[in-house]
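# A closer look at the structure
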Amino acid sequence: MSAPHLRHPGEDALRQEWGTVGENALRLDTATTEELVAALNRDLSGLYILFNQLRKQYWTLSGRDVGQVVEFLEDAADRLAEMTDELAIRVVALGGVPVNGPKGIREHAPLRIEAGDVYDLRSSLSNDLDGYATLAVQFRDHITLADELGDNGTSDVLRDHIRTIEDDAHDLEKFLADDTLVRDD
């Protein structure tokens with residue numbers, strides 16, 4: 001049997017257990033914040049997955065017309081990282097623990113993780129576009145949820161980022177419309 005991959009510093013070091021939602025300085029009731037934390041953790045999982053896919057493609061990209069695609073992948077991954085930070089900080093403000101680690105991400109994943117193999121650029125970007133579409137729909141649903149629950153702060157954070165998700169998806173559509181992505185010479 002292999003050694004566990006998780007390190008537990010001990011009960012005396014534990015500030016908050018994963019999966020719990022405690023008091024918050026925003027004075028929102030716990031039932032509301034539990035629902036919002038669960039929604040944001042699904043968003044965070046999707047952002048993590050998409051970020052990792054974009055980075056993998058950036059590392060393995062090949063083909064004749066990769067210049068603009070490389071730049072897009074690098075910049076888009078940076079934007080996803082910024083979104084992830086802001087959403088994770090909001091989860092903490094709501095009294096929750098942001099999703100983290102492979103197990104937590106898989107548990108909340110709203111989209112499928114691309115296998116570890118390297119695929120042709122068109123297939124990978126198409127998969128990314130599906131991921132962006134999933135996140136856009138999910139962000140819209142979670143904006144509505146936050147509005148219904150009276151949490152304008154969470155709604156604003158999500159609204160700040162949905163435009164970026166939609167813009168990046170549009171850029172991917174433009175790349176996919178370019179026939180040269182299918183050539184690998």
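In short, a report on the structure. Here the structure is a predicted model, which is why all the values come from computation and not from measurement. (Residues numbered from 1 in each chain as written. Predicted model: local features only at pLDDT ≥ 70, side-chain atom pairs only at ≥ 80, totals over all residues. Heavy atoms only, no water.)

## Some words on the nonpolar core
Among the nonpolar cores identified, the biggest contains 44 residues, and Leu87, Leu125, Tyr132 and Phe139 are the most heavily contacted of them. If you list the elements that add at least two residues to this core, you get helix H1 (30-60), helix H2 (67-93), helix H4 (121-148) and helix H5 (152-177). (Core = buried A, V, L, I, M, F, W, Y, C linked by side-chain atoms within 4.5 Å. Buried < 20%, exposed > 50% of the residue type's maximum accessible area, 1.4 Å probe, protein only. Helix = DSSP H or I, 4+ residues; strand = E, 2+ residues; numbered from the N terminus.)

## Here we look at the packing of H4 against H5
A packed helix pair is summarised by two numbers, namely the angle formed by the two axes and the spacing between the axes. Across the interface, H4 lies against H5 with an axial gap of 9 Å and an inter-helix angle of 160 degrees. Between H4 and H5, the interaxial angle falls into the category roughly antiparallel. Handedness of the H4/H5 crossing: left-handed. (Axes fitted to C-alpha atoms, helices over the stretch in contact; angles between N-to-C directions. Parallel < 35°, antiparallel > 145°, perpendicular 65-115°, else oblique. Left-handed = near helix turned anticlockwise from the far one by under 90°.)

## Some details on the pattern of salt bridges
All told, the structure shown has 7 salt bridges when counted by the stated rule. Taking the shortest distance from any N to any O, the salt bridge between arginine 159 and aspartate 147 comes out at 3.0 Å. Here arginine 159, found in helix H5, pairs with aspartate 147, found in helix H4; they are 12 residues apart in sequence, far enough to count as distant. Classification of arginine 159 as partly exposed rests on a relative accessible area of 41%. Between aspartate 171 and lysine 174 there is a salt bridge, with its nearest N and O atoms 3.6 Å apart. Here the residue aspartate 171 and the residue lysine 174 both occupy positions in helix H5, the gap between them amounting to 3 residues, near one helical turn. (Salt bridge = Lys/Arg side-chain N within 4 Å of Asp/Glu carboxyl O.)

## Description of helix H3 (residues 101-108)
Buried within H3 we find Gly104, Ile105 and His108. The arc enclosing the buried residues of H3, seen along the axis, measures out at 100 degrees, which places them on a common side. Facing away from the buried side of H3 by more than 90 degrees, the exposed set consists of Pro102, Lys103, Arg106 and Glu107. Buried-residue contacts for H3 involve H1. (Arc of directions from axis to C-beta. Contact = heavy atoms within 4.5 Å.)

## Some points on the side chain of aspartate 168
Tracing the sequence through the fold places aspartate 168 in helix H5. The buried category is assigned to aspartate 168, whose relative accessible area is 2%. A polar side-chain atom of aspartate 168 sits 2.8 Å from a polar atom in the side chain of arginine 79. Aspartate 168 has contacts with Phe72, Ala76, Arg79 and Tyr132, leaving out every residue within four places of it along the chain. (Polar contact = N/O pair within 3.5 Å; in protein donor to acceptor, adjacent residues only side chain to side chain.)

## Description of the packing of H2 against H5
H5 packs onto H2 with a crossing angle of 165 degrees between their chain directions and a minimal axis gap of 11 Å. One element, H2, and the other, H5, form an angle in the roughly antiparallel class. Crossing of H2 over H5 shows left-handed handedness. Residues Gln68, Val69, Phe72, Ala76, Arg79, Met83, Glu86, Leu87 and Arg90 of H2 form the contact with H5, whose participating residues are Gly153, Thr154, Val157, Leu158, His161, Thr164, Ile165, Asp168, Asp171, Leu172 and Phe175. Considered class by class, the residues forming the contact of H2 with H5 number 10 nonpolar, 5 polar and 5 charged. (Nonpolar A, V, L, I, M, F, W, Y, C, P; charged D, E, K, R; others polar.)

## Notes on the environment of isoleucine 49
Mapping isoleucine 49 onto the fold places it in helix H1. When its relative accessible area of 5% is taken as the criterion, isoleucine 49 is described as buried. C-alpha separation for the pair isoleucine 49 and glycine 131, spaced 82 residues apart in sequence, amounts to 8.6 Å. Aside from chain neighbours lying at most four places away, what touches isoleucine 49 is Ile105, Ala109, Leu111, Arg112 and Ile113.

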